[in-house]
Amino acid sequence: MAALKFAGMDDTDSEDELPPGWEERSTKDGWVYYASHDEMKTQWEHPKTGKKKRCAGDLPYGWEQETDEKGQMIYVDHINKRTTYFDPRQAFTVEDVVLKPKRYDGNTAALEILQGRDFSDKVVLITGGNSGIGLETARSFALHGAHVILACRNLSRASKAASLIQQEWHKARVEAMMCDLASLRSVREFTESYKARKLPLHILVCNAAVCTQPWILTEDGLESTFQICHLGHFLLVQGLEDVLRRSAPARVVVVTSESHRFTDLLDSCAKVDLALLSPQKKEYWSMLAYNRAKLCNILFSNELHRRLSPHGVTANAVHPGNMMYTSIHRSWWLMTFLFSLARPFTKSMNPRDRMRETDREEGRRQTADRGAWSRLF
């Protein structure tokens, strides 16, 4: 009854009213259980109705779950400056029923996908996590408790990205580490530094990429698009494979593209032509080089899954979507111009941009509704 009174629900007419001597509690993951102080026992079923319940959704805005010095869970209301052992979600529990999986579409944001998930015991490594898809992925994992590491070429920009995420939530665990995929030496140094920290690795997101680059050779003598988009990630995964195995269940996510369909790696004899992967300048076309690198991503992901899945490490290749506005086009003015023309019709990585787009869409809808009503009357 004390719990019900705290929640403002001390109405004795409810069938959920607990018998004298019983108390309602909840586990860390939201399942409700009942404790009898007289009989010194606990059970999942309500002592009167026999129903099982769980807390629905996330904690209310301003609330946070913490642990006191005795190891007990407490709930902190930062807005009203109070602390309680009562989970505020218990005022809105739902019966334990099988729920249909939620359907997602092109308007779904990463935070919605992860809603209700707890990643506080996970370590996530993301290449190119300082902007675009990588930044939104890092932000979503960090705001759900994960320890996120941004592996980026530009350490200054990566540190700024980490700070932006920490401004949203002061307890977010985000850090930046130097890793230049255009340098195989840098990739090897990164993997050695990572392993020296003795951290696990539960999720590795191979996200960094370049597109429409002019023909440039890396310090390793390879065409830059091929090395940054594929070969650097290949070496990174190889260097961290033992960490992934020890951290199982773990997964590798390779961000690829539908453009892999518009190329081939075979020569006229139907054999893989390795010269196509790192072509000479006279045979180079930036989009074709990007398409080939993305095809390599998929072939690599499939083979990686075949080899590592028996050890608890899965690999997946993912196409992020065509109508996605990122800065990957920045190397070529023509592609930047085309992206700018398409900008009003693309999905933004910036949450504030998405809110503005939603507001504009709602405004257009209301204007259309008013126009329809004016024509009727």
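What you see is a predicted model; the values in this text were computed from it and never measured.

A. Spatial organisation of the packing of helix α5 (residues 184-196) against helix α6 (residues 224-246). Running from N to C, α5 and α6 point in directions that differ by 25°, and their axes come no closer than 10 Å. It follows from the interaxial angle that α5 and α6 lie roughly parallel. Between α5 and α6 lies a crossing whose hand is right-handed. Only Q227, G232, L235, L236, G239, L240, D242 and V243 of α6 make contact with α5, whose side of the interface consists of L184, V187, R188, F190, T191, Y194 and K195. Class assignment for the residues of the contact of α5 with α6 results in eight nonpolar, four polar and three charged.

B. Region of interest: the sheet that holds strand β5 (residues 63-67). Reading across the sheet, the three strands line up as β5-β6-β7 and stay open at both edges, with antiparallel pairing between neighbours. Single-partner strands in this sheet number two, and they are β5 and β7 (82-84). When the angles between neighbouring strand axes are averaged without regard to direction, this sheet yields 30°. Both strand β6 (residues 73-77) and β7 contribute to a ladder of three bridges, which runs antiparallel. Paired with V76 across the bridge in β7 is T83.

C. Expanded view of the state of the cysteines. For the coordinates displayed, the defined rule picks out zero disulfides. Free cysteine C152: the closest other cysteine sulfur is in C179, separated by 8.7 Å.

D. Quick look at the packing of aromatic side chains. Following the criterion strictly, the structure yields four aromatic pairs and no others. Both rings, one in Y33 and one in W44, keep their centres 6.1 Å apart while their planes meet at 75°; by these two values the pair is edge-to-face. Separated by eleven residues along the polypeptide, Y33 in strand β2 (residues 32-36) and W44 in the loop between β3 (41-43) and β4 (53-55) bring together distant segments of the chain. You can call W44 partly exposed: its relative accessible area is 45%. Ring centres of F190 and Y194 lie 6.2 Å apart, and the angle between their planes is 40°; this geometry places the pair in the tilted category. Placement of the pair is F190 and Y194 together in helix α5, with a separation of four residues, close to one helical turn. Each member of the pair, F190 together with Y194, is buried.

E. Local environment of the nonpolar core. Membership of the largest hydrophobic core comes to 36 residues, with the highest contact counts inside it found for L125, F190, Y194, L201, L204, L240 and V252. Ranked by residue count, the leading element in this core is α6, at seven residues. Beyond its immediate sequence surroundings of up to four residues, F190 is in contact with L125, A151, M177, M178, C179, L236 and L240. Counting residues in hydrophobic clusters, the runner-up holds 21 residues, among them F119, F141, V174 and V255.

Conventions adopted
Residues numbered from 1 in each chain as written. Predicted model: local features only at pLDDT ≥ 70, side-chain atom pairs only at ≥ 80, totals over all residues. Heavy atoms only, no water. Axes fitted to C-alpha atoms, helices over the stretch in contact; angles between N-to-C directions. Helix = DSSP H or I, 4+ residues; strand = E, 2+ residues; numbered from the N terminus. Parallel < 35°, antiparallel > 145°, perpendicular 65-115°, else oblique. Left-handed = near helix turned anticlockwise from the far one by under 90°. Contact = heavy atoms within 4.5 Å. Nonpolar A, V, L, I, M, F, W, Y, C, P; charged D, E, K, R; others polar. Pairing = 2+ DSSP bridges. Disulfide = S-S within 2.5 Å. Phe/Tyr/Trp six-rings, centres within 6.5 Å; stacked < 30°, edge-to-face > 60°. Buried < 20%, exposed > 50% of the residue type's maximum accessible area, 1.4 Å probe, protein only. Core = buried A, V, L, I, M, F, W, Y, C linked by side-chain atoms within 4.5 Å.

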